[in-house]
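The primary structure of each chain is shown beneath.
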Amino acid sequence: MFAELWRVTSFRLAVLYGGVFALGVVFLFVLIYWQTARYQNQQVDQVLRSQAQVFAQSTTEQLDRDITYEIARDARHIGFFGLFTAEGRPLAGNLARIPDGMVWDGKPHALSTAVNADLFPSAVEVRALGRPMDGGKRLVVARDVALLEQIRQSLLRGYFAIAAFVLLLGIAGGVFYSWPAVRHIRDIDRAAMRIANGDYRERLPLGRRNHELDTLARIVNAMLDETERLMGEVKTASDNIAHDLRTPLTRLRASIYRTHQSMEKSSPSFAALDHALIQTDLLLARFRALSRISEIESKRRHAGFSPTRLGPILYKLADLYEPLATLSGVGFEMNVTCDPVVDCDGELLFEAIGNLLDNAIKFTPKGGRVQVDLAGVPERPVISVEDSGPGIAPDQRKSVLQRFYRADEARTVPGSGLGLSLVDAIVRLHAFGFALDDACAGGLRARVLCWPQTRDLPS
Amino acid sequence: MNTASTTPTGRVLVIEDDESTADEIVAELTSHAFQVDRAGNGRAGLAFALRGGYDVITLDRMLPDIDGLGVVGTLRAQGVQTPVLMISALSDVDERVRGLRAGGDDYLTKPFASDEMSARVEVLMRRHTQAAEPTRLSAYGLTIDRVAHTAFSQMGDLGLKPTEYQLLEFLLRNGGQTLTRTMIFEAVWGYHFDPGTNLIEVHIAGLRKKLEKAGCPPLIETVRGSGYRFGPA
């Protein structure tokens, strides 16, 4: 789902904008935090300086009292004071010794609480100012800034929570605005699949929002309208020709047939009329095949579809074609390793596989072999017809599906060039797959993949 | 004379609005010794048919007033059981099913070979006039057991495979009549499309061999350009 969403521009933009905005928020908050921390440190330093200044101005007698007073005034116990002799002995204040790391420049500095844990047991961060006094004495004024640090940490956590919320809001907004587009793309995908499978009446769906996808769908639909119209014109023209010729041809055949039936076999014209009858039948058979392909392609007949077991169809086919193979001196073998139930038009599937078998037997030389297999998992059964004939060159495998196309090797063998077109039309009607490739025995292997195909079919 | 069978002497009603098609049907049926009446629309056809006396009716599916489905539906509702061969330009399998469900007995699509049409009419007439078929049929020195699905000659069991038995039974039941490849394919394999010339010929050849081995005279005649006829040559 995320991958699908990520393909939608509006979602990516929403996430991108959300991310940039969240980054901006973080940057802003870091700036505010830094300024706040700096200001708070300045305030603490100012206090330390003021206190040091006051102590510096006190007389030796007052100093002890002033320090005691400051300690008493510090109700939160965050202030530390100490007056030490030059040797470091404490004279006044609440510090037992001079903290390690003191700098005696009269300016506030951060002091390590790790090495001075005995002096500041509950402190997290301490700032301290050291100042030399008259008579070699040394003054230490320090302040625990843990509370300020806590405030700063709280602020930081709040800032990051807000940034995360903004980012999530951006993603949620992206999903909200992009999900209809994802659904629309799915619908378009399904419609495109149906069109790719030969349903040229299908159109890309239009949404209610009239956004760029709809504009694109409208353009594609207009192209499909035009393509369908042109195809319809071509088809109507060829169908009309087929229809208009079939009726007079049928009447011609009837006249020949009646004359043929009423003629003595010894008549010199009998053989010629016999030949004419056979040729007319061949011609009519081709027109019938053309009309049948056209009917299957255009009418989208689905009334004959029902859950059908494939095994019995193949056994019937073997029953029908095995004698023909035997008569042609071709070995016939059938392997049915499963008996799946498939939603299909059993009669049409029989006709399609029958055509494949007819071709296989026709093109396999005497002594060769034809093999029919039904295999695969129940959801994806594959019917394959393999022969040891000359096969079809890879570059001709698509062309042989066109009406009347005959591969180079097939030109000397009787046939109309419509058999594989009919198979292709039937397979397309079912949205099954159809693949032609090399057989193990060196001939052709034709496979019907008996489950709905999605995209491009293997060739 | 290599003429078509002239044995049938039945009455056929042709209901067809297209004149040239009707001429074709009438000419073909007349050449097979049928007495033919014709009606140019559904209403007239229905009136003729209800009057009775016909062995078979050929009925166009698309008629200007009452269409073919309406005509056959009315006939069946009125208790008229005359066999109906529906003829239609609509070859879709849905149409075939619809026609047969409405009460038609057989279905043929236009344009059709006239001998195929007459062969179907003959089979329909035979089926209609035959009494209930016994479980054992005997003809031309052959006996078939329709329960055990076996066939015998004077020399014993023919040892037929199931398909060969079905083929022989269909031929025997319609002995003396021309049966087209499509009709045989429909009856034996149950599918409705043209199986091509070779296939049925191969199966007929196989059956001929078995009959010959069983000491039967040549019983399956090839009717050039049409199909086969069962019976003594």
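Residues numbered from 1 in each chain as written. Chains lettered and ligands numbered in written order. Predicted model: local features only at pLDDT ≥ 70, side-chain atom pairs only at ≥ 80, totals over all residues. Heavy atoms only, no water.

Peer 1: Account for the overall build of chain A, naming residues and giving values.
Peer 2: Helix and strand counts for chain A stand at nine helices and twelve strands. For chain A, the proportion of its 459 residues judged to be buried stands at 43%. Considering only residue pairs separated by 6 or more positions, chain A has 61% of its internal contacts joining residues 24 or more positions apart. As displayed, chain A has an accessible area near 24,300 Å², and 60% of this comes from carbon and sulfur atoms. (Helix = DSSP H or I, 4+ residues; strand = E, 2+ residues; numbered from the N terminus. Buried < 20%, exposed > 50% of the residue type's maximum accessible area, 1.4 Å probe, protein only. Contact = heavy atoms within 4.5 Å. Areas by Shrake-Rupley, 256 points an atom, 1.4 Å probe, with all protein chains shown as cover.)

Peer 1: An account of the overall build of chain B is requested, with residue identities and associated values reported.
Peer 2: The number of helices and strands found in chain B is eight helices and twelve strands. The buried share among the 233 residues of chain B stands at 52%. For chain B, the accessible surface area stands at approximately 9,800 Å², while carbon and sulfur atoms represent 50% of it.

Peer 1: I'd like a description of the packing of aromatic side chains, backed by residues and values.
Peer 2: Applying the stated criterion across every chain yields a total of seven aromatic pairs over all chains. Through a chain of ring-to-ring contacts, three or more aromatic side chains come together here, namely F350 of chain A together with F185, W189 and Y191 of chain B. The ring centre of W34 of chain A lies 5.6 Å from the NZ or CZ of R38 of chain A, which sits over that ring. For R11 of chain B, the ring lying beneath its charged end belongs to Y54 of chain B, and the centroid distance is 4.5 Å. (Phe/Tyr/Trp six-rings, centres within 6.5 Å; stacked < 30°, edge-to-face > 60°. Lys NZ or Arg CZ within 6 Å of the ring centre and 35° of its normal.)

Peer 1: A description of the interface of chain A and chain B should follow, citing residues and the corresponding values.
Peer 2: How big an interface is tends to be stated in terms of accessible area lost as the parts join. The interface is formed by 38 residues belonging to chain A together with 34 residues belonging to chain B. Surface buried jointly by chain A and chain B totals about 3,300 Å² across both partners, of which 52% is contributed by carbon and sulfur atoms. Three residues, Q261, L320 and E347 of chain A, lead the burial of chain A against chain B; their summed loss comes to 18% of the area buried on that side. Taken together, chain A and chain B are joined by one salt bridge. The closest approach of N and O atoms between R253 of chain A and D115 of chain B, which form a salt bridge, is 2.5 Å. For the pair chain A and chain B, the interface holds seven residue pairs in polar contact (both at pLDDT 80 or more). For the side of chain A that touches chain B, the secondary structure elements donating two or more residues are α5 (212–262), α6 (270–299), α7 (310–327) and α8 (346–363) of chain A. (Buried area = accessible area lost by both parts, 1.4 Å probe. Salt bridge = Lys/Arg side-chain N within 4 Å of Asp/Glu carboxyl O. Polar contact = N/O pair within 3.5 Å; in protein donor to acceptor, adjacent residues only side chain to side chain.)

Peer 1: Any chance you could break down the environment of R11 of chain B for me, citing the residues and the numbers?
Peer 2: Residue and element names in this part refer to chain B. Structurally, R11 is set in strand β1 (residues 11–15). As for R11 and D37, which are separated by 26 residues in sequence, their C-alpha atoms are 7.8 Å apart. Separated by 2.8 Å, the side chains of R11 and D37 make a polar contact.

Peer 1: Account for the environment of L69 of chain B, naming residues and giving values.
Peer 2: Residue and element names in this part refer to chain B. As for its position among the elements, L69 is in helix α3 (residues 68–77). Residue classification places L69 among the buried positions, given a relative accessible area of 18%. Residues L69 and G103 lie 34 residues apart in sequence; the distance between their C-alpha atoms is 8.1 Å. Setting aside its immediate chain neighbours within four residues, L69 contacts R61, M86, R98, G99 and A102.

Peer 1: Please provide a residue-by-residue account of a nonpolar patch on the surface, values included.
Peer 2: Taken together, the side chains of L13, L16, Y17 and V20 of chain A make up a nonpolar region of the molecular surface, amounting to roughly 410 Å² of accessible area. With respect to the helices and strands, the residue V20 of chain A is situated in helix α2 (residues 9–57). (Patch = residues over 30% accessible without salt bridge, like charges linked within 9 Å, V, L, I, M, F, W, Y side chains within 5 Å.)

Peer 1: Quick one: what's the story with the sheet that holds strand β7 (residues 331–336) of chain A, residue by residue and with numbers?
Peer 2: Residue and element names in this part refer to chain A. Taken together, the five strands give an open sheet; going across it, the order is β7-β9-β10-β12-β11, and neighbouring strands pair in mixed fashion. Edge positions in the sheet fall to β7 and β11 (433–438), since each of these pairs with one other strand and no more. Averaged over all adjacent pairs, the angle separating strand axes in this sheet is 15°, with direction ignored. Across six bridges, β11 lies against strand β12 (residues 444–449) in antiparallel orientation. Bridged to G433 within β12 is L449. Across the sheet, helix α9 (residues 419–430) is in contact with β11 and β12; its angle to β11 comes to roughly 140°. (Pairing = 2+ DSSP bridges. Axes fitted to C-alpha atoms, helices over the stretch in contact; angles between N-to-C directions.)

Peer 1: Summarise the packing of α2 of chain A against helix α4 (residues 146–196) of chain A; cite the residues concerned and give the values.
Peer 2: Residue and element names in this part refer to chain A. One way to put it is that α2 packs onto α4 with a least axis distance of 8 Å and a crossing angle of 170°. Between α2 and α4, the interaxial angle falls into the category roughly antiparallel. Of the residues assigned to the contact of α2 with α4, the class counts are 25 nonpolar, ten polar and two charged. (Parallel < 35°, antiparallel > 145°, perpendicular 65-115°, else oblique. Nonpolar A, V, L, I, M, F, W, Y, C, P; charged D, E, K, R; others polar.)

Peer 1: I'd love a proper account of the packing of α8 of chain A against α9 of chain A, names of residues and values included.
Peer 2: All names here are of chain A. Orientation of α8 relative to α9, taken along the N-to-C sense of each, is 145°, at an axis distance of 9 Å. Handedness of the crossing formed by α8 with α9: left-handed. Here α8 contributes L348, L349, E351, A352, N355, L356 and N359 to the contact with α9, which in turn contributes G419, L420, L422, V423, I426, L429 and H430. For the contact of α8 with α9, the residue count by class is nine nonpolar, four polar and one charged. (Left-handed = near helix turned anticlockwise from the far one by under 90°.)

Peer 1: Outline the sheet that holds strand β2 (residues 35–39) of chain B, listing residues and values.
Peer 2: Residues and elements named next belong to chain B. Judged by pairing direction, the sheet is parallel, and its five strands sit side by side in the order β2-β1-β3-β4-β5 without closing on themselves. The open sheet has two edge strands with one neighbour each: β2 and β5 (106–109). Strand-to-strand twist in this sheet, taken as the mean axis angle between neighbours without regard to direction, amounts to 20°. The strands touched by helix α2 (residues 42–51) within the sheet are β1, β2 and β3 (56–60), with β1 carrying the most contacts at an inclination of about 160°.

Peer 1: Account for the confidence of the model for chain B, naming residues and giving values.
Peer 2: Residues and elements named next belong to chain B. Overall, the predicted model of chain B reaches an average pLDDT of 86, with 92% of residues at or above 70. For chain B, the element scoring lowest by mean pLDDT is helix α4 (residues 93–101), at 77; β1 scores highest, at 95. Every residue in residues 1–6 is under pLDDT 50, and counting partners more than four places away or in other chains gives 17 contacts. The complex model carries a pTM of 0.63, and its ipTM stands at 0.80. (pLDDT = per-residue confidence, 0-100.)

Peer 1: Pulling in residues and values, what's your account of unusual backbone geometry?
Peer 2: One non-glycine residue, H77 of chain A, lies in positive phi territory at about 55°. Within the secondary structure layout, H77 of chain A lies in the loop between α3 (60–73) and β1 (79–84). Residue classification places H77 of chain A among the exposed positions, given a relative accessible area of 62%. Within the chain, A33 of chain B stands out as a residue other than glycine whose phi angle is a positive 70°. Note on placement: A33 of chain B falls in the loop between α1 (19–31) and β2.

Peer 1: Tell me about the state of the cysteines, and please be specific about residues and values.
Peer 2: Residues and elements named next belong to chain A. Scanning the entire structure with this criterion turns up zero disulfides over all chains. Free cysteine C344: the closest other cysteine sulfur is in C450, separated by 7.3 Å. What makes C344 buried here is its relative accessible area of 0%. (Disulfide = S-S within 2.5 Å.)

Peer 1: Give me the side chain of T143 of chain B: which residues, what numbers.
Peer 2: Turning to its location among the elements, T143 of chain B is positioned in strand β7 (residues 142–145). Ignoring anything within four residues of it in the chain, the contact list for T143 of chain B reads R136, L137, S138, T150, A151 and F152 of chain B.

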